[in-house]
Amino acid sequence: MTKAEINSNFSKGRTLVIFEYVLLAICLCVIALRATFTEGPTAQSTTLPANLSDSVYSLSVSAVLIFAFVFWLVWGLWSKRFLYRLTGIEIGLCLFCVAAIVAGLAAADKRAAITNFVTLLAPILMVVLLVQILDSQSKIKLLLALIAALGVLSAYQCADQFFFTNRMMIEQYEQAPQTFLEPLGIQPGSFQQFLFEHRLYSRGVRSFFTTRNSAGSFTLMAVFAAAALFIDKLKNRKSGSSPPSHLFACGIAAAVVLFGLALTRSKGAILSALLAAIILTIILLIRHPSSRDWLKAHKEAPMFIFLILTGGLLTSIFYAAMFILYLRSGNWLKTHKKTRLIVFLLLAVLCVFVFLSLILFLYYFILPYVAYGRLPGGNSMLVRWQYWHASAKMYADHFVTGVGPGNFAHFYTHYKPAEALETVADPHNFPLSILTQYGPLGLIGFLAMIFLPLWRVISPNLVSSSPKTHQPQPAFRARPVIFLLILWLALLLARLTVIPAAGTDGLAVIIYMIVRFYVPPVVVFIIGFWLLTKPLHTIRNTQYTIRNTNIAAALFCVVLGVTLHNLIDFAIFEPGVFTTFWAIIACVIALDFRQKSRRQFVLKPTLLMRVLIVVGGLVTIWAYFNYAFIPVAKSTAGIQRAHRAISAGQFQQAHNLLNTAAEDDSLSPAALSLNGRVYLHHFELTQSRNRDLLAGAEAGLLGAISRDSADFKNFEKLTVVYDNFAKLTPHKKDDWLEKAYNSAKEAVKRYPGSGRLRIKLARIAEQLGKTDVAIKRYEEAIDIENKYRDQFKIMYPERQEIVSRLGEEEYQAAKQRIEWLSEQPTP
């Protein structure tokens, strides 16, 4: 029989300790790599060469974390006794996985669903692994030092972008705009070019991430990691384990990270940092010995404070009611003396000020904006309200399962307001993002994974345990530190292969690129790491003790700060931020185990259990490669080769490669969609107007639609195909136009806020003789463009010329068609 027991005196063997050091090194390397390489949360377009490798890279890094967890589990259960620490996220993780399976089955694009779920699951499994590994003070400190050192590196990158890189990019763009626009698929003079230029000239500082808000969210965690180490050194200075030089070095590193946070200019991250700092200050003051002594001497103080607050609220309500009574019954109060009335009014104003301020704020500053479809706070809050409003409609139509993991971008156009300028892949609110993609069960599970461990931290330990005895912890000697440092150095230098220097010719240029862009980050990281871990070599010979309560308080506050920041942003879902966020939670849980001696279950596995876990591990690895990684890797490689063939004008080879890529990944619509577009592009280039090319385009686009019916783009291209068929076959023109009309209707159904699609639909309706329908669609297109222009004036009042989304020629032509069609006699 398998025996489980609670045991806190479990001794790990030397082999297991070495194995856990290796797993810790792997986790630290993944955190470092993801924090220093731009890895977007979702690819905006799977047909662009610049975005093709994103999914493969994300799945590769996720595989490292998932396999590390599986290997640890198999290794542990094959030992004589298996120690497991309950993390508090197990229940939420099970709920989240069940929700992901249900939502994935209902998703329109199942390949995106699998990739998104795996990318989110890997860091969460890393938490479970790290909680088991972080069994000593030095390991916890090492992980925090890594995060803080990466914060120093991020600050360096922010400073480089703020003072040099952004200016250089603007100069290069002004000299050759096409070199920037072509890789992104942006047409010159389009609205997309305006958005690109707006972001470019805003000089946003984003470090190694996709946006400055993501950089701010990561730097926020690095700031509190550095602050936790600084506070701990400050507490240990009297024991001699943290001399002033070490405290000063750590303070310098913390100041550099804080400077990096300021450079990001992320208002949400800075405000969240301030709130988290206020909460941390209050916690530290309450925990200060003098504060505790005062509370012990005045046991009635908490109740007294509570009564004051409650009495103040009740008094405010009472005086508010009396004030309303005065307004309604002024004649009765006139019989009283004037002084009494003045005192009454002064007291009323004084007491109800706090209570009414909230009501007045909501009434005068929130509700008027909501009535006009926005929130106070400038352009950023205006567009966020549109994101949230559209997301609420999306969830209302998919309230059980959501639209599926990774499918938000495909469905957002279905609900996007007509006046909205941008199309987004995330609602910029993490609960709303999980709710719309994983459903309510997924949201419950995700929130439980975050807040149940935090609740365990602030709750008392209910387990009655024997008195603690001193247990010597494994000292983290200098050799493992040197080993890990060399490993991180090699990892950062490996960025040379991950981020190739494109467009470099000649050895001198390559050397310059290495010296300018690759060596400095490595040097800055090593300096930051040294400043933060300067006393590591003394741990073996000193009585150094981490003040768990202080570090846990700092990390607890930063978790709250990051979640608060991501109520108005999507930074948490950027893989580098997401992985670091869960690493912080792992530190919180591990510190809670050390402070409160939480339950640690020791299993004595039977042979059957060992066999089952090995089989389960092999099945997990096989399933990951067979369903998640290999199809995406093979399909991506084929699409990349097809792009090179297209550039060389070898269209037939490109079609063959794309057909093979579509077979390699039977769930992804990317290869089929691209193949249909290539057929259509080839048809438009040739003079012969080959019908076979149109047939190939139709087959590819219909195949893509069968794998993802939510994306409007394939229906839009299919409309063009059918319209060309109508031009080539006059005797079947009406039949092909009817197909084009139905396809255009499906595109408009999936993107009702597009004026361009409505004009296409109106033109086809004209050719079919549907005059009333054509007029209506033209009017809708003009109305959409007018709404867009009104919002453009609100967001950019300083611009004299409006950048038309529809195009000025199309806009005026639509008006003329309405006038001309309205004058035609009705049949």
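Residues numbered from 1 in each chain as written. Predicted model: local features only at pLDDT ≥ 70, side-chain atom pairs only at ≥ 80, totals over all residues. Heavy atoms only, no water.

## Quick notes on the overall build of the protein chain
Selection rule: Put simply, DSSP H or I for four residues or longer makes a helix, DSSP E for two residues or longer makes a strand, and each gets a number counted from the N terminus. Buried, partly exposed and exposed residues are distinguished by accessible area as a fraction of the type maximum, computed with a 1.4 Å probe on protein chains only: under 20%, between the cut-offs, and over 50%, respectively. Every accessible area reported is derived by Shrake-Rupley at a probe size of 1.4 Å, with residue values counting cover from the shown protein chains alone.
The helix and strand tally for the protein chain stands at 31 helices and three strands. By the burial criterion, 49% of the 827 residues in the protein chain qualify as buried. Accessible surface, the protein chain: about 40000 Å² in total, of which carbon and sulfur atoms supply 65%.

## Quick word on the pattern of salt bridges
Side chains carrying opposite charge are able to pair once their charged atoms draw close together. Condition: We count a salt bridge whenever a side-chain nitrogen from Lys or Arg sits within 4 Å of a carboxyl oxygen from Asp or Glu.
For the coordinates displayed, the defined rule picks out 20 salt bridges. Across the pair Arg384 and Asp569 runs a salt bridge, and its minimum N-O distance is 3.1 Å. Placement of the pair is Arg384 in helix 15 (residues 379-397) and Asp569 in the loop between helix 21 (548-565) and helix 22 (575-596), with a sequence separation of 185 residues. On the basis of relative accessibility, which here comes to 10%, the residue Arg384 falls in the buried class. A relative accessible area of 2% means that Asp569 is categorised as buried. Its salt-bridge partner being Lys727, residue Asp723 comes within 3.7 Å of it at the nearest N-O pair. Separated by four residues within a single helix, Asp723 and Lys727 lie in helix 27 (residues 712-728), roughly one turn from each other.

## Thoughts on the nonpolar core
Counted only if it meets this: To form a nonpolar core, buried Ala, Val, Leu, Ile, Met, Phe, Trp, Tyr and Cys residues must be joined to one another through side-chain atoms within 4.5 Å. Two residues form a contact once any of their heavy atoms are found within 4.5 Å.
Ranked by size, the top nonpolar core spans 154 residues in total, and within it Leu143, Phe446 and Trp582 carry the most contacts. Not counting the four nearest positions on each side in its chain, Leu143 is found in contact with Leu28, Ile31, Leu130, Leu134, Ala583 and Cys587. Counting residues in hydrophobic clusters, the runner-up holds 39 residues, among them Leu680, Ala697, Val721 and Leu761.

## Here we look at the packing of helix 26 (residues 691-707) against helix 27
Rules: The angle between two axes is taken between their N-to-C directions and runs from 0 to 180 degrees, where each axis is a line fitted to C-alpha atoms and a helix contributes only its stretch in contact. With respect to orientation, any angle under 35 degrees is reported as roughly parallel, any angle over 145 as roughly antiparallel, any angle of 65 to 115 as roughly perpendicular, and every other angle as oblique. When the near helix sits turned anticlockwise from the far one by under a right angle, the crossing is termed left-handed; a clockwise turn instead gives a right-handed crossing. Residues are grouped as follows: Ala, Val, Leu, Ile, Met, Phe, Trp, Tyr, Cys and Pro are nonpolar; Asp, Glu, Lys and Arg are charged; all remaining types, including Gly, are polar.
In contact at an axis separation of 10 Å, helix 26 and helix 27 are set at 155° when each is read in the N-to-C sense. Regarding the angle of helix 26 to helix 27, the classification is roughly antiparallel. Crossing of helix 26 against helix 27: the hand is left-handed. Each of Arg691, Leu694, Ala695, Ala697, Glu698, Leu701, Leu702, Ala704 and Ile705 in helix 26 lies in contact with helix 27, whose residues at this interface are Asn714, Phe715, Lys717, Leu718, Val721, Tyr722, Asn724, Phe725 and Leu728. Taken together, the residues that form the contact of helix 26 with helix 27 break down as 13 nonpolar, two polar and three charged.

## A few points about the confidence of the model for the protein chain
The cut-off we apply is this: The predictor attaches a confidence to each residue, and that confidence, scored 0 to 100, is pLDDT.
For the protein chain, per-residue confidence averages 79 on the pLDDT scale, and 74% of positions sit at 70 or higher. Mean pLDDT values over the elements of the protein chain span from 41, in strand 1 (residues 3-6), up to 95, in helix 3 (residues 90-106). Every residue in residues 43-47 is under pLDDT 50, and counting partners more than four places away or in other chains gives eight contacts. Counting contacts from residues 536-547, a segment whose pLDDT is below 50, to residues more than four positions away or on other chains yields 23 contacts.

## Digging into the side chain of Gln193
We apply this condition: Polar contact is defined as a pair of N or O atoms within 3.5 Å, subject to the rule that within protein one atom must be able to donate a hydrogen and the other to accept it, and that residues adjacent in sequence are counted only when both atoms are side-chain atoms.
Within the secondary structure, Gln193 is located in helix 7 (residues 191-201). Of the polar contacts made by the side chain of Gln193, one reaches the side chain of Tyr173; its length is 3.2 Å.

## Comments concerning the packing of aromatic side chains
Cut-off, in case you're wondering: Centre distance within 6.5 Å is the pairing criterion for rings of Phe, Tyr and Trp, where only the six-membered ring of Trp is used; planes under 30 degrees apart are then read as stacked, over 60 as edge-to-face, and the remainder as tilted. Here, over-ring charges are defined by two tests on the NZ atom of lysine or the CZ atom of arginine: distance to the ring centre within 6 Å, and angle to the ring normal within 35 degrees.
According to the stated counting rule, one finds 33 aromatic pairs in the structure shown. With centroids separated by 6.2 Å and ring planes inclined at 40°, the aromatic side chains of Phe96 and Phe117 adopt a geometry described as tilted. Residue Phe96 is located in helix 3, and its partner Phe117 is located in helix 4 (residues 110-133); the two are separated by 21 residues in the primary sequence. When sorted by exposure, Phe96 lands in the same class as Phe117, which is buried. Summarising the aromatic geometry, the rings of Phe446 and Phe578 are spaced 6.4 Å apart at their centres and angled 15° between planes, so their arrangement reads as stacked. With Phe446 in helix 17 (residues 430-458) and Phe578 in helix 22, this pair connects stretches of sequence that are 132 residues apart. Judged by its relative accessible area of 1%, Phe578 is buried. Lying over the aromatic face of Phe593, Arg85 brings its terminal NZ or CZ to 5.1 Å of the ring centre. Above the face of the Tyr811 ring, Arg789 is positioned so that its terminal group lies 4.1 Å from the ring centre.

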